[in-house]
Amino acid sequence: MKSDNLKYVSLALLLALGGSEQSCQSDARTSTRIPPVIKKGKAEWQNDALLSLTELINRGIDSDVNYFKRARIYFDREQYSEALDDINESIYEQDNVSEYFLLRGKINRELNKIDNALEDAQRAEALQQSSPELYVLLADILQAKNRFGEAAGYLNQALKMAPYDGSAYYVKGVLQARQGDSLASLSSLNYAMNVNPRLLRAYEQGTLINLKLKNTAEALAINERALKRFPERASLFFGRGEILNALAKPDTALIYYQKAVAIQPDYDEALNQLATVAIGLRNYPAAIPALKVLLRKKPQSKEINNMLGYAYEKSGELDIAKTYYTTALTIAPGDQDARYGMYRIRKIESEGLYPSYYPEGEADQGYKLLDTARVKINIIQPRGTTNIRVDSSRKAKIE
């Protein structure tokens, strides 16, 4: 009897254990008990962080700190205008935090506001900021202002504190290039690109130096690497156009100049090169829009007025061309390009106004044949030789 009871108890336990194991497997399959761990990508994490920070800012919780955190995310995403707005709010609320001024200096450097960036970096230094990040920023700003001695001093401090920092090697490469050591400069810039692949200016400088050295293959390779990482950067498309122009491929170069302008419509260098190359290729319709944008920025430029006049002249729009040549002459009355342009237009406009001097059919020949049957030609006789007596006093005979 007892053995039968034990059998029933063990059977009940086995059934219970089996049922619980089955329920656990069911829960694991349907993820009802323990939620799965989801790894978020950087972009997704940043989006969530921006939403949370925006909510905290709207509620007025630690506004200066949260503005600063949001500005750092915008800076990392290269949204520099948004980052500048946020860091200005942080500094407005707390104007004695060195990290705030350091970040604003970095943002202004990326926006190419060199003077503002220097002021912020110096303020951060005055507030006892002594990080390699600050010293690299100061070195970068000072080399951009051609203050190379001061830049080298800050760079040395940065390298002592962070000897493998990619940004520091970028500044080192720029300083070496300014000193004429191109090979050392390229070595430093390549290191900077490998350590910090998001350092855009390192790619731009590397491309520029290789172009100057006529290493077009290396310049093209660096440009391709940069475009893979920064596919929407106008400066990189402009750089590709410069490389192709150096390779004597103006047709393809024109396409990349147009891409650069499409991304950044006010890109002066790209607009100028687009117009110049298009005129060289006689693609005047492509040159005219670019020149008009440049003229809006510099209405008193005789060069741009002359280029527009020439483009319209070659397009057959002579009246429009005359207005631009006239403007160029108003700006510079003795300008030869404008005067020659007006001369060519007047010459075209005067064709057919005056009858030809020669009868019809003879004007095309450009000369008339002499009718020898009606004109008598006297043959010129050679001159004779006259002998004059010898001058006994000078003992010379004159003939």
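Just so you know, these numbers come straight off a predicted model, no measurement behind them.

1. Comments concerning the packing of aromatic side chains
Overall, the coordinates contain 10 aromatic pairs when judged by the stated rule. Ring geometry for Phe-68 versus Tyr-100: centroids 5.0 Å apart, planes at 40°, classification tilted. Of the two residues, Phe-68 is situated in helix α3 (residues 63-76) and Tyr-100 in helix α5 (residues 98-110); the sequence distance between them amounts to 32 residues. Accessibility classification places Phe-68 together with Tyr-100 in one group, the buried group. The ring of Tyr-256 has Arg-240 lying over it, and the distance from NZ or CZ to the ring centre is 5.4 Å. The aromatic ring of Tyr-256 is capped on one face by Lys-259, whose charged end is 4.9 Å from the ring centroid.

2. Quick look at the pattern of salt bridges
Applying the stated rule across the entire model yields 18 salt bridges. Put simply, Glu-313 and Arg-344 hold a salt bridge, and the shortest N to O gap is 2.8 Å. Of this pair, Glu-313 sits in helix α17 (residues 302-314) while Arg-344 sits in helix α19 (residues 336-350), placing them 31 residues apart in sequence. You can call Arg-344 partly exposed: its relative accessible area is 28%. Its salt-bridge partner being Glu-349, residue Lys-322 comes within 3.2 Å of it at the nearest N-O pair. Note that Lys-322 is positioned in helix α18 (residues 318-331) and Glu-349 in helix α19, a separation of 27 residues in sequence. By relative accessible area, Lys-322 is classed as partly exposed at 24%.

3. Some remarks on the side chain of Asp-86
Examined against the element boundaries, Asp-86 turns out to sit in helix α4 (residues 80-93). Within the structure, the side chain of Asp-86 is placed 2.6 Å from the side chain of Arg-70, a separation counted as a polar contact. Among residues more than four places away in sequence, those in contact with Asp-86 are Tyr-67, Arg-70, Ala-71 and Tyr-74.

4. A few points about the layout of surface pockets
If you add up the space inside the second largest pocket, you get close to 250 Å³. Along the wall of the second largest pocket there are 13 residues; nearest its centre are Ala-177, Arg-178, Gln-205, Ile-209 and Lys-212. Broken down by secondary-structure element, the contributors of at least two residues to the lining of the second largest pocket are α7 (132-144), α9 (166-178) and α11 (200-212). Taken together, the residues of the lining of the second largest pocket sort by class into 7 nonpolar, 3 polar and 3 charged.

5. Observations regarding helix α10 (residues 182-195)
Taking 1.5 Å per residue as the helical rise, α10 with its 14 residues ought to reach 20 Å, and the 20 Å between its terminal C-alpha atoms agrees with that figure. In this fold, the buried residues of α10 make contact with α9, α11 and α12 (216-229).

6. Digging into the confidence of the model for the chain
Here the chain shows a mean pLDDT of 84. Residues at 70 or above account for 78%. For residues 6-32, every residue scores under 50 in pLDDT, and the model assigns this stretch 4 contacts once sequence neighbours within four places are set aside. Here residues 361-372 is a poorly scored stretch, pLDDT under 50, and it has 6 contacts once near neighbours within four places are set aside; other chains count.

Quick notes on the rules
Residues numbered from 1 in each chain as written. Predicted model: local features only at pLDDT ≥ 70, side-chain atom pairs only at ≥ 80, totals over all residues. Heavy atoms only, no water. Phe/Tyr/Trp six-rings, centres within 6.5 Å; stacked < 30°, edge-to-face > 60°. Helix = DSSP H or I, 4+ residues; strand = E, 2+ residues; numbered from the N terminus. Buried < 20%, exposed > 50% of the residue type's maximum accessible area, 1.4 Å probe, protein only. Lys NZ or Arg CZ within 6 Å of the ring centre and 35° of its normal. Salt bridge = Lys/Arg side-chain N within 4 Å of Asp/Glu carboxyl O. Polar contact = N/O pair within 3.5 Å; in protein donor to acceptor, adjacent residues only side chain to side chain. Contact = heavy atoms within 4.5 Å. 1 Å grid on protein atoms, 1.4 Å probe; cavity = no way out; pocket = protein on both sides within 12 Å on 5 of 7 lines; lining within 4 Å. Points joined across faces, edges and corners; volume = space filled by probe spheres on them. Nonpolar A, V, L, I, M, F, W, Y, C, P; charged D, E, K, R; others polar. Expected span 1.5 Å × (residues − 1). pLDDT = per-residue confidence, 0-100.

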